[in-house]
Amino acid sequence: MKRLIKSGNWIYAIAFLALAILIIYPMIIIVYRSFTSENELSLQNYITVLTDASMYEVLWNSLFVSIISTIFSLIIGVALSWFVSRTDIKGKRWLTLGIMIPFLIPSFISAISWRQLLSPVGYLNKIYMELTGATEPFVSIYGPWGIIFVMTVSSFSLVFMITHTAFQNMDSSYEEAAQISGASRLRVMKDVTIPLIKPSILSSAVLVFVSNISNFGVPSILGFHESYFVLTTKIYQLLNDYTIRDSFSIAASLSMVLVLIAVIGIWLQYYLTNKKSYAVVTGKSSQKMIVNLGKYRVVITTLIGGLLFMISVAPVLAILATSLTKAYGLPPTLDNLTLENYRYILFEMPMAKRSLVNSLILAFGAATIAVGIGIVLAYFITKTNVKGRQAISFIVSLPYALPGTVIGLAIILAWIKPLPIFEVSIYNTLWIILVAYVMYYITLAVQTISSSLIQVHGSLEEAARISGASWLQNMRDIVLPLIKPGVISGWFLIFIPALSELTISILLWSSGNETIAVAVYNLQEQGNMTSASALSMVMIFLIIAGHQLSNWLSRRMNG
Amino acid sequence: MKLNKFIIALLLLMITILAACGSSEDSAAEGNEGVTEEEKITVYTSVPQDLVDEFKAAFEEAHPGKTVDVFRAASGELLAKLQAEHDADSVQADVVWVADFQSAEALKELGLLEQYESTEKDAVNSNLIDPEGYYYGSRIINMVLAYNTNVEAPASWNDLHNPAYEGKVGLPSVSSGTSFSFVGSLAADDNFGWEFFEKMRENGGKQYSNNQDVAERVVTGELAIAPVLDYMVTGMKLQGSPIDYVIPEEGLVMVASPIALVADSAAPETAKSFIDFTLSKDGQEIMSSQNVVSVREDVEASENVPSIGDVKILETDLDYLDAHNEEITAKFEEIFTN
Amino acid sequence: MSFITINELTKQFNVVYAVKDFSLKIEKGEFISFLGPSGCGKTTTLRMIAGFIEPTEGKIQIGDELIYGQGVNLQPEERNLGMVFQSYAVWPHMTVFENIAYPLKIKKVNKKKIKDKVSQVVEMVNLQDHVKKYPNQLSGGQQQRVALARALVMEPSLLLLDEPLSNLDAKLRDKMRAEIKNLQTRTGVTIIYVTHDQVEALSMSDRIVVMNQGVIQQIGSPEEMYNSPTNEFVADFIGRTNFLKGRRDGSSILLEGTSVVIPLPASENSGKRDVTLCYRPESIKLVKRHNNDANHIQGQIVERTYLGNVIEYVVQVDDVQLKVETADKLNLPLQTNVAIELPEPVIF
């Protein structure tokens, strides 16, 4: 018994149990339902889905918007992280904040605010028509390119974060060697720098691709009335269509297409990164090569700063303008300004305050639980040599590829019955939303922590063991302090989107257990766009404040 | 060690915020305690939150000791959730209150509803009651023609074909039950037919995800005119948004939102009394005060809505809609997604 | 009984033997090196002793305690060993003091005693001025000393060193070699030292274990290893050697590619077979004039490398080339005709 406790096997046991109950069990329900028609096992759903010609168009649309937006995000994200980590560009801290803001704004809010700016009657188009006298709008946010635009804006920060770390850990001597060999700066970038951080680029690419292909808010807000459907909006439509019996089963089988695409993406990443071994990131601190931008320094700083200002501040201003007007649709002139909407949500709408507290509890709880389980699973994946351990990182990434609505329904089916032993159901409590968030977001924890763990050289742990430390003491004294940055970034990577999660919560909330996004959505559904915008502003403020707080804390911690 | 400090700092922040909001938390929790199952009901609804909140408050005041929990969502999500609960044999709702008869029919077919003879049955317009007694129309909402007040007001449904509004017309998708009734009624009408929608499409007509989406776009001016539910227009208009509606000369399409008792409710008596209260004179007066048309003739209409007796109504053949359910959806999709 | 007994230790990965039937007895206070090319199984053996790799078969006993075998498998932390790693493995988030104190902290030694102990070993490795620093403020050599101090602080009965000097530059390596040897003399700790560098093994060890492809090739003192290798591999791996092919016929050998015949001592048994002869370059004598001795062979200098204290020549003898090392006093230009004198060969 003592041996069992010391060896840490019981921690594995708890993590695997959590994995089975929280992730595998609801996943099995979805897979099972996709093979059930009229309560019998059959392939009927797949036949229905695969023989419908319009599904292929939807599939193509999904791939098109997610692949193109992933490519754009990669180009922008990598370029920005190179500028920030490897050049003498000015105001790096402000630039980083500008890069982070678009990521911190929930994508459905981002889509709504870009619509307010760039719809045919959006603010920017109106200004353009006003200035030029044109009768046609300059550009419309609707359709595939608008979807790609908003998806890119929401996800390039993710690429930046992941590749920025890689740039910082990379030994400059590789680049210097190429430069000595006579390669120009651009050639060095192309031939040495990019290939060396390829693993980070690939992992961020897969993350962005999977989250974009499973995104529902953006294509539904910007694509629906153009009849531009993607898999997630199609699945939603199926679920909402009461003329179809067994719509959940058909939706589940269509969701399997999403899962399959995600699996291919993850496998591709795994295959491409594992072909060669990259022993480049040593953790040895070395001098970084900083490119002198010279006479272009000011120009480039201004250009990048200006663009970032546009895409991070403009949408916030649009929401702010709406939140301050007396009624939706009125021009934002002085006469129409009011703080009434803020007064309403803060003092007259108990649900708003309640939902803020609920979302904070949920985001905090989900991030903490997911990181807790994630540390153990990531350790198991990276530090043991058990056969098939990679399957775990595969399994935990599957829910992330599913549309929130499907997760929500699977969670209902999985958790509505009273728990054995306790005889209580978590349905209609806050905890069912927590369970769903953990299932959905855990892959983010497993991935970021895994990549931190890979960088912890095995001998550091062996030195601890030989010094007499048990498995647990080694974890506590050596491993956890060393992977702390990865743990914190994983935690925030979950905390921030969970704070504004909508599509899962919308099916699982109950009276008294609303989330912020549900409150925003309900306000909007009632036609109270101005109050919805005010609440959105409060949410954005909370998220940005939380992010700044985390930055401040981690800076203080690192001395 | 430092990691702990970090987590502690965050926890402290959380607790501070929780404490700040603590008062509202506590009262909400207390309200639910000491309430036996039979005295607490859950209402699943797609009617606006404001409206259902008024009913909850009034009912709880009239029936001390009884509590109403509300889950509100759009029709689609509501039905998906109910279906999932039904699949798991654990339906949580005691009362469902949806926007249109088609949704109620779908629930009835699933076997989710239970017949109930309301004490207010006789006072309610008999056209609005399910002949089998499964559900009762509890409020009347109308599909009318909304317009942005910065453009010229339309007069007829056929204005949706008017080149003056080209590219600025739209309607809610038929996945919304009220829109389904509207589309089905016009498609079955000899004066309109599917040709009406084809022409609308030619005039740049588009489908939007729901009524609210359409109303919002009329407000911003992205749409000039569009069929949409009257109470939404009234609500936004009263807030000051540049939107209004007309009742087209051909008549409006009337939709009644049904309320029904859920089969095997854990608190059937309270559920029944909530339904009765909704249909009662007191309840219907709340409707009227919220600018919604009442289902009772003995309730006076609000000044913001036209009295039902005065306006022309396009006939809706519910049996036809039911029988041609899939056909209507398919035809609509065909026109508006090409 | 020996202090450490390793019995038929075997590690099999699928069908491949990483280590096969490794048996060794080590006396208390001995300095043993495991020497061999990379992949020979020396590190695997060391890690099995440490407890990081579970053997497929075998037995390991330290002192009276069985640490592996017969159903026993102590965890690394239960074996009471010290270990120094190739990559130092100094924890970057702890100061020098914290690093060294860690093993004592785990054992719940009281603070005062920890302080005394640490300052004792810190002095031993000469790091008095650096105790408050973090590893990234130290040089490679200093980091390795931290690792050494950390391994010694528990006063382990056995210290395992896994190529500890391979990341250091040549000068520092020489210095650390002396320091490690010195530490061992002072503390009397038993050491197992894994290396691929024969100079390290020869200069520090009491005994050397040469391994290749998972199998022990020879166990012996440095002198035995150098002068009497038991097979071609050991001869090749330790020091530099001329390998010459030959054909044995009774009491003489005909060197292949030459007309040279080498007589054998009478005691060698006769019989016809192919043999390999080994000559250390420094054991071959180079003379200017031809002397008609049977052991004097004609040749010509074809390559010449000046190495400071010695000069290395390559001498062409018929179709064969021989490396010869001489003191620098005999300085001969290229193309010089020379005679060489072969010592008694080691024959396989």
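Owing to the predicted nature of the structure, the values given are computational and were not obtained by experimental measurement.

Visitor: Help me out: how do you make sense of the overall build of chain A in this one?
Guide: Assigned secondary structure in chain A consists of 25 helices and two strands. For chain A, whose C-alpha radius of gyration is 24 Å, the value lies close to the compact-globule estimate of 24 Å for 559 residues. With the C-alpha coordinates aligned to their principal axes, the bounding extent of chain A is approximately 70 × 70 × 50 Å. The proportion of buried residues among the 559 residues of chain A is 61%.

Visitor: Is there a simple way to explain the interface of chain B and chain A in this structure?
Guide: When the parts of a complex come together, some accessible area is lost, and that lost area is often used as the size of the interface. Counting from both sides, the interface comprises 67 residues of chain B and, opposite them, 63 residues of chain A. Across the contact surface, chain B and chain A share five salt bridges. As a salt-bridge pair, A:Arg115 and B:Asp213 come within 3.8 Å of each other at their nearest N and O atoms. Where chain B meets chain A, there are 19 residue pairs in polar contact (both at pLDDT 80 or more). The element that contributes the greatest number of residues to the side of chain B that touches chain A is helix H1 (residues 2–32) of chain B, accounting for twelve residues.

Visitor: Could you clarify how one ought to interpret a negative patch on the surface in this entry?
Guide: All names here are of chain B. Taken together, the side chains of Glu109, Glu315, Asp317, Asp319 and Asp322 define an acidic patch exposed on the protein surface. Summarising the element assignment, Asp322 is placed in helix H11 (residues 318–323). Note on Asp322: relative accessible area 31%, which makes it partly exposed.

Visitor: Mind showing me how you'd approach the sheet that holds strand S21 (residues 346–347) of chain C here?
Guide: Hydrogen bonding along the main chain pairs the strands of a sheet, whether they run parallel or antiparallel. Residues and elements named next belong to chain C. With antiparallel pairing, the five strands of this open sheet are ordered in space as S14-S13-S12-S15-S21. At either margin of the open sheet sits one strand with a lone partner, and together these are strand S14 (261–263) and S21. Bridge count between strand S12 (residues 242–249) and strand S15 (residues 273–279): seven bridges; the pairing is antiparallel. Considered in S15, the bridge of Phe243 is made with Cys278.

Visitor: Got a minute to help me understand unusual backbone geometry in this structure?
Guide: Note on backbone geometry: most residues besides glycine have negative phi, and most peptide bonds are trans. Residue and element names in this part refer to chain A. With a phi close to 55 degrees, Ser227 is a non-glycine residue in the positive phi region. Within the secondary structure, Ser227 is located in the loop between helix H12 (217–223) and helix H13 (231–240). For Ser227, a relative accessible area of 13% translates into the label buried.

Visitor: Please clarify how the arrangement of the chains should be interpreted in this entry.
Guide: Counting contacts across all two pairs of chains that touch, the top pair turns out to be chains A and B. One thing to see here is that chain B and chain C don't touch, and their nearest C-alpha atoms sit 11 Å from each other.

Visitor: I keep staring at the interface of chain A and chain C and nothing clicks. Help me out?
Guide: Across the boundary between the two partners, chain A contributes 21 residues, which contact 24 residues of chain C. Roughly 2,000 Å² is buried in total at the junction of chain A and chain C, and carbon and sulfur atoms are behind 58% of that figure. On the chain A side of the interface with chain C, the three residues burying the most area are A:Glu462, A:Ile466 and A:Ser467, jointly 33% of the side's total. Our count for the contact surface shared by chain A and chain C stands at two salt bridges. Salt-bridge contacts for A:Arg465 lead to C:Glu77; the nearest nitrogen and oxygen are separated by 2.9 Å. Here chain A and chain C share seven residue pairs in polar contact (both at pLDDT 80 or more) between them.

Visitor: How do you make sense of the confidence of the model for chain A when you look at a structure like this?
Guide: The predicted coordinates of low-pLDDT regions are not to be read in fine detail. Residue and element names in this part refer to chain A. When the pLDDT values of chain A are averaged, the result is 85; 95% of them are 70 or greater. Element-level pLDDT for chain A is lowest in helix H1 (residues 2–7), with a mean of 53, against a maximum mean of 93 in helix H17 (residues 350–383). Overall, residues 276–286 carries pLDDT values under 50, and its contacts beyond four positions in sequence, including any with other chains, amount to 14 contacts.

Visitor: When you look at helix H2 (residues 96–106) of chain C in this model, what are you seeing that I'm missing?
Guide: Each full turn of the α-helix corresponds to 3.6 residues, which orients residues three or four apart in the same direction. Among the eleven residues in H2(C), eight count as buried, and that is most of the element. All of the buried residues in H2(C) are C:Val96, C:Asn99, C:Ile100, C:Ala101, C:Tyr102, C:Pro103, C:Leu104 and C:Ile106. Its buried side turned inward, H2(C) meets helix H21 (458–466) and helix H22 (471–499) of chain A together with helix H3 (111–124) and helix H4 (140–152) of chain C. Positive backbone phi, approximately 60 degrees, marks C:Lys108, located one or two places after H2(C).

Visitor: Would you mind going over the sheet that holds strand S17 (residues 296–306) of chain C with me for this structure?
Guide: All names here are of chain C. Within the open sheet, the five strands sit side by side as S16-S20-S17-S18-S19. Their pairing is antiparallel. Whereas interior strands pair on both sides, the edge strands pair on one side only; in this sheet they are strand S16 (285–287) and strand S19 (320–327). Adjacent strand axes in the sheet meet at a mean angle of 45 degrees when their direction is disregarded. The pairing of S16 with strand S20 (residues 337–341) spans three bridges and is classified as antiparallel. Considered in S20, the bridge of Lys285 is made with Glu341.

Visitor: Would you mind showing me how to read a nonpolar patch on the surface here?
Guide: Residue and element names in this part refer to chain A. The grouping of Ile28, Val31, Tyr32, Phe35, Leu41, Leu43 and Ile47 at the surface amounts to a nonpolar patch, some 670 Å² of accessible area in total. Element by element, the count of residues in the nonpolar patch is highest for helix H2 (residues 9–34), at three residues. Structurally, Leu43 is set in the loop between strand S2 (40–41) and helix H3 (44–50).

What counts and what doesn't
Residues numbered from 1 in each chain as written. Chains lettered and ligands numbered in written order. Predicted model: local features only at pLDDT ≥ 70, side-chain atom pairs only at ≥ 80, totals over all residues. Heavy atoms only, no water. Helix = DSSP H or I, 4+ residues; strand = E, 2+ residues; numbered from the N terminus. Rg over C-alpha atoms; globule rule 2.2 N^0.38 Å. Buried < 20%, exposed > 50% of the residue type's maximum accessible area, 1.4 Å probe, protein only. Contact = heavy atoms within 4.5 Å. Salt bridge = Lys/Arg side-chain N within 4 Å of Asp/Glu carboxyl O. Polar contact = N/O pair within 3.5 Å; in protein donor to acceptor, adjacent residues only side chain to side chain. Patch = residues over 30% accessible without salt bridge, like charges linked within 9 Å, V, L, I, M, F, W, Y side chains within 5 Å. Areas by Shrake-Rupley, 256 points an atom, 1.4 Å probe, with all protein chains shown as cover. Lys, Arg positive; Asp, Glu negative; His and termini not counted. Charge placed at Lys NZ, Arg CZ, Asp CG, Glu CD. Pairing = 2+ DSSP bridges. Buried area = accessible area lost by both parts, 1.4 Å probe. pLDDT = per-residue confidence, 0-100. Axes fitted to C-alpha atoms, helices over the stretch in contact; angles between N-to-C directions.

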